Amino acid sequence: MSSDQGQTNWPLQMEKIRDARDEAAFAAVFAHFAPRVKAFLMRSGTDAAMAEECMQDVMATVWHKAHLFDPSRATLSTWIFTIARNRKTDMLRRDRRPEPEDLTWGPEAEAPQEDVIALQQETTKLGQALAMLPAKQRDLIEKAYFGDLSHSEIAAETGLPLGTIKSRIRMALDRLRHAMG
Amino acid sequence: MTDIKHHLTDSLLMAYSAGTLPEAFNLAVAAHVSLCADCRATLEGFDAVGGALLDEAREPLADDSLAKTMALIGQGAPAVRQIRVDPVLPGPVADYVGGGIEAVRWRPAGIGVRQAILPTSSSATARLLHIKAGVAVPDHGHRGTELTLVLQGAFSDEDGHFKRGDIEVATEAVEHTPIADTGDDCICLAVTDAPLRFKSLIPRLAQPLFRI
Ligand SMILES: [Zn+2]
């Protein structure tokens, strides 16, 4: 197994964690994702100490919920993102985070390999589309995901009227979708 | 389930994915997504955007990071909340009610209308509305955004006809008079980020009392 992010077979590592409680597989997942989760929390406005603590909690959840990871529905990055986002809501706002029914990513049977590969390819395309967005649109997406900002707060911060912000986010999304199609 | 006509907006789904909505709005989004495969697919797309952003940046860890995480894992898994199944209330709503539709503690809120406020953080309000078949909810406008998700029966207003699973996204400018269909009583989940303003005098006086 290479440590290169493009080469690592994350679904396989997660299977080892799920089936064998394999600590070496977890160490590999941790080495790759823990620094990213910590950065994500800090970009959301958490200080380093709190981000470290919250990250450990997120990674422990990755271990405990390994059986719920379904690689045909989300890449490991996406799945860990949802865990980090939920933990961020709990920790920063002390809100509960209602989740949709039946989003227990739990596959009873193994996911078909072609679905797993197709999803990974699509997600790679999404990452590339995101990287190629013009700076202004890129900014708005980052604000939407990392700021604790509602649309009206974004308007106040950038001095732009609400309608413009909404249509720009929409345009950014249309572009993302287009790039993925 | 497949004939849902009124959906969430992209910006609400994106904000839900990003985790920036008030709790009451999260509840309405989670409830609609529980009933709507289309919005669920869009939401999974936005989660993938979040995953792509997660991939981009790294921060150095504390020296004992992995050891501490393994110690945390050793303390055991947190208890998992059981998902309730109810024919009317989607899982996340049943979770807030603490049971199925029969467990809702209704309070009168005008003629033919009952409501139950759900316990969310105060930045926005979530409540269940029970509107008797054929009854009109008093004409009201509102200052912020209002989401109304139909859970049973149906209603009509200036924007159209809304059935189970349909969600009305009403912004500030909209003044509307929802009327429940004759036949079944209508049950909705309604979420607002600002108090409603009723036009007729009596509901306005009643407003502080009923928190609507
Ligand atoms: Zn929908």
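Residues numbered from 1 in each chain as written. Chains lettered and ligands numbered in written order. Predicted model: local features only at pLDDT ≥ 70, side-chain atom pairs only at ≥ 80, totals over all residues. Heavy atoms only, no water.

J.: Which parts of the structure should I look at to understand the layout of surface pockets?
T.: It is a probe the size of a water molecule, rolled over the atoms, that shows where empty space is left. The calculated volume of the largest pocket comes to roughly 1,400 Å³. Lining of the largest pocket is provided by 40 residues; of these, Lys65, Asn86 and Glu99 of chain A together with Val80 and Arg81 of chain B occupy positions nearest its centre. Every element with two or more residues in the lining of the largest pocket is listed here: α3 (48-64) and α4 (76-93) of chain A together with α3 (37-56) and α5 (91-97) of chain B. Among the elements that line the lining of the largest pocket, the one with the most residues is α4 of chain A, at 7 residues. For the lining of the largest pocket, a count of residues per class yields 18 nonpolar, 10 polar and 12 charged. (1 Å grid on protein atoms, 1.4 Å probe; cavity = no way out; pocket = protein on both sides within 12 Å on 5 of 7 lines; lining within 4 Å. Points joined across faces, edges and corners; volume = space filled by probe spheres on them. Helix = DSSP H or I, 4+ residues; strand = E, 2+ residues; numbered from the N terminus. Nonpolar A, V, L, I, M, F, W, Y, C, P; charged D, E, K, R; others polar.)

J.: It is not clear to me how the sheet that holds strand β5 (residues 146-152) of chain B should be interpreted in this structure. Could you clarify?
T.: Residue and element names in this part refer to chain B. The 6 strands are arranged β1-β2-β3-β10-β5-β8 in an open sheet whose pairing can be described as antiparallel. The sheet is open, and its two borders are formed by β1 (107-108) and β8 (167-170), each paired with just one other strand. Bridge count between β5 and β8: 4 bridges; the pairing is antiparallel. When the sheet's bridge partners are listed, Thr148 is paired in β8 with Glu168. Together, β2 (113-118), β3 (125-131), β5, β8 and β10 (186-192) form the strand contacts of helix α2 (residues 23-35), whose direction differs from that of β10 by roughly 140°. (Pairing = 2+ DSSP bridges. Contact = heavy atoms within 4.5 Å. Axes fitted to C-alpha atoms, helices over the stretch in contact; angles between N-to-C directions.)

J.: I tried to follow the coordination of the zinc ion on my own but got confused; where do I start?
T.: Working reference: metal with six octahedral donors, ideal angles 90 or 180 degrees; metal with four tetrahedral donors, ideal angle 109.5 degrees. Residues and elements named next belong to chain B. On the protein side, the zinc ion has His7 (ND1), His32 (NE2), Cys36 (SG) and Cys39 (SG) as donor atoms, found 2.1 to 2.3 Å from it. What the 4 donor atoms of the zinc ion show is an angle range of 97 to 126° at the metal, which sorts the shape as tetrahedral. Considered as a linear motif, the donors of the zinc ion on their single chain read H-x24-H-x3-C-x2-C. There is no split in this pair, since His32 and Cys36 are both buried. (Donors = N, O, S within 2.8 Å, 3.2 Å for Na, K, Ca; no water. Tetrahedral: all angles 85-135°; square planar, octahedral: opposite > 155°, others 65-115°. Buried < 20%, exposed > 50% of the residue type's maximum accessible area, 1.4 Å probe, protein only.)

J.: What should I look at first to understand the interface of chain A and chain B in this one?
T.: One frequent convention defines the size of an interface as the accessible area lost when the parts assemble. Residue-level contacts link 61 residues of chain A with 55 residues of chain B. Here chain A is connected to chain B by 3 salt bridges. A salt bridge links Glu44 of chain B to Arg73 of chain A; the shortest N-O distance between them is 2.7 Å. Across the chain A-chain B interface, the total number found is 14 residue pairs in polar contact (both at pLDDT 80 or more). Those elements giving two or more residues to the side of chain A that touches chain B turn out to be α2 (23-43), α3, α4, α5 (113-132), α6 (135-146) and α8 (162-180) of chain A. Sorting elements by how many residues they give to the side of chain A that touches chain B places α2 of chain A first, with 15 residues. Residue composition of the side of chain A that touches chain B, by class: 29 nonpolar, 10 polar and 22 charged. (Salt bridge = Lys/Arg side-chain N within 4 Å of Asp/Glu carboxyl O. Polar contact = N/O pair within 3.5 Å; in protein donor to acceptor, adjacent residues only side chain to side chain.)

J.: What should I look at first to understand the side chain of Thr46 of chain A in this one?
T.: Residues and elements named next belong to chain A. By secondary structure assignment, the location of Thr46 is in the loop between α2 and α3. Residue Thr46 is classed as buried on the basis of its relative accessible area of 7%. At a separation of 2.8 Å, a polar atom in the side chain of Thr46 contacts the main-chain carbonyl oxygen of Leu41. Look past the residues within four positions of Thr46 in its chain and what remains in contact with it is Leu41, Ala51 and Leu92.

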